[in-house]
Amino acid sequence: QVQFGESGGGLVQPGESLRLSCTASGGVFSIYVMGWYRQAPGKQRELVATITRNGDTIYADSVKGRFTISRDNAKMYLQMNSLQPEDTAVYYCNAPLTIGSWGQGTQVTVSS
């Protein structure tokens, strides 16, 4: 399976920003749809945002207007603005239509 890796998480205060990066094995960015997921302790993993090969994007209602997903020829990114405590989770990247191996994720903690 395709392997994924995430980076860029950290501890921030409410209202601050983070930019997450996703790297994957060869071929994954040729997949039609790529996406960011997150999982908070005790909760199910949820799909945060998706982006198609031609740049069309969809966002979960909880992050719409605050997060921006993007991709280039090597990586996928998630710009996270106006972070709130409820955004605290481990963030993962993957391909929703062709799920590959999950990476370790990157921890995002939003706390005052």
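Residues numbered from 1 in each chain as written. Predicted model: local features only at pLDDT ≥ 70, side-chain atom pairs only at ≥ 80, totals over all residues. Heavy atoms only, no water.

1. Considerations on the sheet that holds strand 7 (residues 67-71)
With antiparallel pairing, the 4 strands of this open sheet are ordered in space as 1-3-8-7. Whereas interior strands pair on both sides, the edge strands pair on one side only; in this sheet they are strand 1 (4-7) and strand 7. Strand-to-strand twist across the sheet, computed as the mean angle between neighbouring axes with direction ignored, equals 15°. For strand 3 (residues 18-24) and strand 8 (residues 76-80), the ladder comprises 5 bridges, and the chain directions are antiparallel. Bridge pairing in strand 8 places Ser 21 opposite Tyr 77. (Pairing = 2+ DSSP bridges. Helix = DSSP H or I, 4+ residues; strand = E, 2+ residues; numbered from the N terminus. Axes fitted to C-alpha atoms, helices over the stretch in contact; angles between N-to-C directions.)

2. Details of the state of the cysteines
Throughout the structure, instances matching the rule amount to 1 disulfide. A sulfur-sulfur separation of 2.0 Å characterises the disulfide bridge that pairs Cys 22 with Cys 93. For the disulfide bridge between Cys 22 and Cys 93, the dihedral angle about the S-S bond is near 75°, and by the sign convention the bridge is right-handed. Placement of the pair is Cys 22 in strand 3 and Cys 93 in strand 9 (residues 89-94), with a sequence separation of 71 residues. (Disulfide = S-S within 2.5 Å.)

3. Focus: the nonpolar core
Most often, soluble globular proteins keep nonpolar side chains buried together rather than apart. In this structure, Trp 36, Leu 78 and Tyr 91 are the most contacted members of the largest nonpolar core, which totals 26 residues. Those elements that place two or more of their residues in this core are strand 3, strand 4 (33-39), strand 5 (46-52), strand 7, strand 8, strand 9 and strand 10 (106-110). For Tyr 91, the residues in contact, after removing those within four places along its chain, are Glu 6, Leu 20, Trp 36, Tyr 37, Arg 38, Val 48, Phe 67, Leu 78, Met 80, Gly 105, Thr 106 and Val 108. (Core = buried A, V, L, I, M, F, W, Y, C linked by side-chain atoms within 4.5 Å. Buried < 20%, exposed > 50% of the residue type's maximum accessible area, 1.4 Å probe, protein only. Contact = heavy atoms within 4.5 Å.)

4. Side note on the sheet that holds strand 4
Spatially, 2-10-9-4-5-6 is the arrangement adopted by the 6 strands of the open sheet, whose pairing is mixed. Edge positions in the sheet fall to strand 2 (10-12) and strand 6 (57-59), since each has one partner strand and no second. Each neighbouring strand pair of the sheet contributes to a mean axis angle of 20°, computed without reference to strand direction. Relative to strand 10, strand 2 is paired through 3 bridges, and the arrangement is parallel. In the strand pairing of strand 10, Val 12 is matched with Val 110.

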